[in-house]
Amino acid sequence: MRSTRHRGTVVQQTSGRNRSANQISNPRREPDLQLWERLATAVRMEAGVGPAQGANARTDAARRDLEARAWSAERSTVRVDLYIDPVCPYTWLAACWLREVQRHRDIDLQYHPMSLQMLNEHKVLNEQYRLSLERSTGPSRIATAVWLHHGPDAFRAWHTSFGSMIFDSWRYPTPEEYRTAAARALQAHSLPAQLVHAADTDEYDEPLRQSHLEGTVPVGTDGGTPVVHLAGVAYFGPVLNAVPSTEESLELFDAFALLAGCRDFFELKRTRTSPPVFARSSLDICKMPEKGEEE
């Protein structure tokens with residue numbers, strides 16, 4: 001037997017023969033799932049991301065609920081929580097996709113702020129990307145101020161206007177562009193102009209971090225943006241390079257719900273080969289009136 005140190009956690013290793021004998025002769029050994037939870041918790045704590053209390057139990061319950069919905073003859077409203085750093089182009093595309101879905105399906109779409117900088121603060125980053133994150137923290141702070149003081153609907157309206165100005169074409173916006181778009185979006189929805197100054201202070205960092213962790217911790221330590229919780233089941237993704245057609249958007253949502261309801265599904269991944277496409281249709285989708293609004 002030998003001891004191996006893995007990220008601060010000591011794991012006892014035995015030969016395959018001895019390990020099997022120990023498992024048979026020691027009925028009181030730690031159950032596999034309990035051992036996995038303990039080691040995974042240690043890794044998360046070392047990474048600076050504490051696990052949510054009872055997160056796995058809540059996720060399992062949410063999956064059972066999704067499975068029940070799938071077999072139900074009547075479709076009830078599905079809660080969808082989207083966690084947003086306003087400067088993320090892929091979250092913008094996910095927001096446009098979900099808004100298109102909401103026009104045709106009964107979903108309760110809720111917006112919450114999160115932070116790309118907080119997401120990456122414990123990671124080793126390319127220097128250029130690190131500097132880019134540091135220069136783009138303002139919009140997530142402004143978003144948090146809007147969300148806290150004026151509610152999620154105001155945040156959603158503000159994000160729609162902000163994104164329409166920033167994501168009209170693929171580029172790397174400057175801090176000045178972010179600030180100008182944020183201020184104009186506040187004005188467009190009669191929100192207090194002074195909220196733009198939230199970008200210059202850490203006053204909203206604590207509620208931003210709380211919302212960020214509520215979104216990202218259930219996903220795990222290797223997620224990114226966008227973060228979507230579908231009926232309580234949390235995932236990083238889907239990452240879209242453009243907003244699909246209406247028919248494809250609905251098919252994608254149904255597929256996403258099917259995967260979210262599968263207990264043993266965890267990941268699909270391929271490398272992006274081109275920048276995001278901000279077609280005029282995606283801007284139009286996000287600007288469309290929602291159900292119950294005046295056309």
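Whatever comes next refers back to the structure up there.
Model, not experiment: these values are computed from the prediction.

Draft legend 1. Molecular detail of the packing of aromatic side chains. Counted by the stated rule, this structure contains ten aromatic pairs. Taken together, a centroid distance of 6.3 Å and an interplanar angle of 55 degrees make the contact between Trp-97 and Phe-253 tilted. Of the two residues, Trp-97 sits in helix 4 (residues 89–102) while Phe-253 sits in helix 11 (residues 246–260), which places them 156 residues apart along the sequence. On the basis of relative accessible area, Phe-253 is assigned to the buried category, the value being 6%. Feature note: the residues Trp-97, Tyr-235, Phe-253, Phe-256 and Phe-265 constitute an aromatic cluster, connected by ring pairs.

Draft legend 2. Examining the packing of helix 7 (residues 138–150) against helix 10 (residues 205–216) more closely. Look at helix 7 against helix 10: their axes get within 9 Å of each other, and the N-to-C directions meet at 90 degrees. The orientation of helix 7 with respect to helix 10, classified from their angle, is roughly perpendicular. Contact residues: Ser-140, Arg-141, Thr-144, Trp-147 and Leu-148 in helix 7; Asp-205, Pro-207, Leu-208 and Ser-211 in helix 10. Of the residues belonging to the contact of helix 7 with helix 10, the class tally is four nonpolar, three polar and two charged.

Draft legend 3. Highlighting the pattern of salt bridges. Within this structure, the stated rule accounts for seven salt bridges. Across the salt bridge formed by Arg-141 and Asp-205, the nearest N and O atoms sit 2.9 Å from each other. Here Arg-141, found in helix 7, pairs with Asp-205, found in helix 10; they are 64 residues apart in sequence, far enough to count as distant. Owing to a relative accessible area of 16%, Arg-141 belongs among the buried residues under this scheme. The partner of Asp-200 in a salt bridge is Arg-179, and the shortest N-O contact between them spans 2.9 Å. Placement of Asp-200 in the loop between helix 9 (175–188) and helix 10 and of Arg-179 in helix 9 is noted, with a sequence separation of 21 residues between them.

Draft legend 4. Up close: the environment of Arg-79. Within the element layout of this structure, Arg-79 appears in strand 3 (residues 78–84). For the pair formed by Arg-79 and Gln-110, sequence separation is 31 residues and the distance between their alpha carbons is 7.7 Å. In this structure Arg-79 touches Asp-108, Gln-110, His-112, His-229, Leu-230 and Ala-231, once residues within four positions along its chain are discounted. Of the polar contacts made by the side chain of Arg-79, one reaches the side chain of Asp-81; its length is 2.9 Å.

Cut-offs applied
- Residues numbered from 1 in each chain as written.
- Predicted model: local features only at pLDDT ≥ 70, side-chain atom pairs only at ≥ 80, totals over all residues.
- Heavy atoms only, no water.
- Phe/Tyr/Trp six-rings, centres within 6.5 Å; stacked < 30°, edge-to-face > 60°.
- Helix = DSSP H or I, 4+ residues; strand = E, 2+ residues; numbered from the N terminus.
- Buried < 20%, exposed > 50% of the residue type's maximum accessible area, 1.4 Å probe, protein only.
- Axes fitted to C-alpha atoms, helices over the stretch in contact; angles between N-to-C directions.
- Parallel < 35°, antiparallel > 145°, perpendicular 65-115°, else oblique.
- Contact = heavy atoms within 4.5 Å.
- Nonpolar A, V, L, I, M, F, W, Y, C, P; charged D, E, K, R; others polar.
- Salt bridge = Lys/Arg side-chain N within 4 Å of Asp/Glu carboxyl O.
- Polar contact = N/O pair within 3.5 Å; in protein donor to acceptor, adjacent residues only side chain to side chain.

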